[in-house]
Amino acid sequence: MEKITFTLSVHSIRYEGASTRLIELRPPAGTYLPPVEAGAHIDVHISPTITRQYSLCNTPGETHRYIIGVALDPCSRGGSRALHEVIKEGDTLNIGGPRNHFELLQSEDHSVLIGGGIGITPLLSMALQLEAQQRTWSLHYAAKSADLAPLFHTISTLAKQARYGQVNVYFSQPVSQRMQVSKIMADAPKGSHFYCCGPLKLLDDFDACSEDYPSNHCHSERFSGDLDVAKGGYTIVLARTGKEIYIKEEQTILDALKAEKMNVTYACAEGVCGSCEVKVLEGTPDHRDDVLSESEKARNDTMMVCCSGAISKRLVLDL
Ligand code: FES
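Residues numbered from 1 in each chain as written. Predicted model: local features only at pLDDT ≥ 70, side-chain atom pairs only at ≥ 80, totals over all residues. Heavy atoms only, no water.

Visitor: In this structure, what is going on with the nonpolar core? I would like to understand it.
Guide: Side chains of a nonpolar character, in soluble globular proteins, are inclined to be buried together. Counting 26 residues, the largest nonpolar core has Leu113, Leu123, Met126, Trp137, Leu139 and Ile155 as the members making the most contacts within it. Elements represented by at least two residues in this core include exactly α2 (120–132), β8 (137–143), α3 (152–161), β9 (165–171) and β10 (193–197). For this core, the element with the highest residue contribution is α2, accounting for six residues. Viewed by domain, this core spans two of them, domain 1 (5–99) and domain 2 (111–221), each represented by three or more residues. Once residues lying within four places of it in the same chain are set aside, the contact partners of Met126 are Ala38, Gly39, Phe102, Glu103, Leu104, Leu113 and Tyr195. Judged by nonpolar contacts, the second largest core, of 24 residues, contains Ile247, Leu292, Ala310 and Leu315. (Core = buried A, V, L, I, M, F, W, Y, C linked by side-chain atoms within 4.5 Å. Buried < 20%, exposed > 50% of the residue type's maximum accessible area, 1.4 Å probe, protein only. Helix = DSSP H or I, 4+ residues; strand = E, 2+ residues; numbered from the N terminus. Domains from an automatic or database assignment. Contact = heavy atoms within 4.5 Å.)

This is the structure we're talking about:
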């Protein structure tokens, strides 16, 4: 499995929204990063045991920096709290990726971007790309209030400068202006592509409304999975060594690989980040992740080993 990591320095930190830090990461002088793609995310290795995924929110094509927006999660298990309270300018961070499972399609059709809270970050990057490509778009952004809205200043500036798109903001305080996903989708021009990122409730609404539209026009990204992990009871074969490992009933492939002391890349362990993706050479996976699209799952040539299992009795993996 290809594993790309960089050590980047924390060039600047600024607040945009009362509890959102924008952290700009730069490579060593004279070196460059893979170009920013709209919708891409990176793994931030915060400590030996904590890795989190953050979408890039800077202008697509940039190679001299990555910018991530980090909202302080009141229920933080250590990730966002460390990035808010421990990391400071001048520190270094190890980064994995970037990976993109939320790509902005190159289509002439109108794009509708629907975001909530910190889920705005990949959509901002998409809006910047659409604007640069002179393609029409609309952005619908729901947040608690102007003070708390992540990236509100940047979004407001974009709203004033945009020539090909428009921004609609919905706040729940002080007076609730609820964002209605069904209405946004119904009012969109025919053939629009819809992109959604945000809290689970918003994503669930989006999934429910998407049933009325072609699945290849509805795109979303989840960073916290409601995961139904596949059960064991099958054998994996590691193609590079021929080693066979039986996956026990309550085990995932990732658990088994870790038990074998194999160096496996993973981050969320919840089927939402894509970092544990492995090529499947033989056999049929039982896909349980929120990363691969339906058509990618149907190809059965790759799988997320943290949560997916096997329908066949045997899976041969490119490991
Ligand atoms: S570790 Fe994130 S999808 Fe498997």
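We are not done yet, so read on.
Visitor: Is there a simple way to think about the packing of α2 against α3 in this case?
Guide: When two helices pack together, their arrangement is given by the angle between the helix axes and the distance between those axes. Axis separation between α2 and α3 bottoms out at 12 Å; the angle between their running directions is 20°. The angle between α2 and α3 places the two elements in the roughly parallel class. For the pair α2 and α3, the crossing hand works out as left-handed. Every residue of α3 that contacts α2 at Ile120, Leu124, Ala127, Leu128 and Glu131 is listed here: Thr154, Ile155, Leu158 and Gln161. Class assignment of the residues belonging to the contact of α2 with α3 gives a composition of six nonpolar, two polar and one charged. (Axes fitted to C-alpha atoms, helices over the stretch in contact; angles between N-to-C directions. Parallel < 35°, antiparallel > 145°, perpendicular 65-115°, else oblique. Left-handed = near helix turned anticlockwise from the far one by under 90°. Nonpolar A, V, L, I, M, F, W, Y, C, P; charged D, E, K, R; others polar.)

Visitor: What is the right way to look at the sheet that holds strand β5 (residues 66–71) in this model?
Guide: Either a parallel or an antiparallel arrangement is found when strands of a sheet pair, and the pairing is made through backbone hydrogen bonds. With antiparallel pairing, six strands are arranged side by side in an open sheet as β4-β3-β6-β1-β2-β5. The open sheet has two free edges, formed respectively by β4 (50–55) and β5, since each of these has just one partner strand. The sheet shows a mean angle of 40° between the axes of neighbouring strands, direction not considered. Pairing between strand β3 (residues 41–47) and strand β6 (residues 92–99): four bridges, direction antiparallel. In the strand pairing of β6, Asp43 is matched with Gly96. (Pairing = 2+ DSSP bridges.)

Visitor: What's the story with the side chain of Ser308 in this structure? I'm lost.
Guide: Among the structural elements, Ser308 can be located in the loop between β16 (302–304) and β17 (309–310). Judged by relative accessible area, Ser308 falls into the buried class, the value being 1%. Leave out the neighbours within four places in its chain, and Ser308 touches Ala230, Tyr234, Ile253, Asp286, His287, Arg288, Asp289 and Met303.

Visitor: Looking at this structure, how should I read helix α5 (residues 200–210)?
Guide: Side chains of residues three or four places apart in an α-helix project in the same direction, reflecting 3.6 residues per turn. Turning to α5, its buried residues number three or more, namely Leu202, Leu203, Phe206, Cys209 and Ser210. Seen along its axis, α5 keeps its buried residues to an arc of 125°; they face one direction. In this fold, the buried residues of α5 make contact with β7 (111–116), α4 (181–187), β10 and β11 (218–221). (Arc of directions from axis to C-beta.)

Visitor: What is the right way to read the domain arrangement of the protein from this model?
Guide: In terms of domain boundaries, the protein breaks down into domain 1 (5–99), domain 2 (111–221) and domain 3 (234–317). Computed over C-alpha atoms only, the centres of domain 1 and domain 3 are separated by 28 Å. Facing the six residues of domain 1 at the interface are six residues of domain 3. The largest contributions to the domain 1 side of the interface with domain 3 come from Thr51, Gln53 and Arg99, which together make up 70% of the buried area. At the junction of domain 1 with domain 3, the criterion picks out zero salt bridges. Mapped onto the side of domain 1 that touches domain 3, the elements with two or more residues apiece are β3 and β4. Of the residues in the side of domain 1 that touches domain 3, the class split is no nonpolar, three polar and three charged. (Buried area = accessible area lost by both parts, 1.4 Å probe. Salt bridge = Lys/Arg side-chain N within 4 Å of Asp/Glu carboxyl O.)

Visitor: Whenever I open this one, the packing of aromatic side chains confuses me. Can you help?
Guide: Two numbers describe a pair of aromatic rings. These are the distance of the centres and the angle of the planes. Within the structure shown, the criterion is met by three aromatic pairs. Look at Phe102 and Tyr195: their rings are 6.2 Å apart centre to centre, the planes differ by 70°, and that puts the pair in the edge-to-face class. Highlighted residues: Phe102 in the loop between β6 and β7 and Tyr195 in strand β10, separated in sequence by 93 residues. By relative accessible area, which is 1% here, Phe102 ends up buried. Relative to Tyr213, the ring of Phe194 lies with its centre 5.2 Å away and its plane at 65°, an arrangement referred to as edge-to-face. Of the two residues, Phe194 sits in strand β10 while Tyr213 sits in the loop between α5 and β11, which places them 19 residues apart along the sequence. (Phe/Tyr/Trp six-rings, centres within 6.5 Å; stacked < 30°, edge-to-face > 60°.)

Visitor: How should the sheet that holds β9 be read in this particular structure?
Guide: What the five strands build is an open sheet, ordered β9-β8-β7-β10-β11; its pairing is parallel. Two strands lie at the open edges of the sheet, namely β9 and β11, each paired on one side alone. Neighbour-to-neighbour, the strand axes of the sheet open up by a mean angle of 15°, direction not taken into account. In this structure, β7 lies alongside β8, joined through six bridges in parallel fashion. Following the sheet pairing, Leu113 is matched in β8 by Leu139. Here α3 sits on the sheet and contacts β8 and β9; the angle it forms with β9, its principal contact strand, is near 140°. Of the strands in this sheet, β7, β10 and β11 are in contact with α5, which crosses β11 at around 160°.

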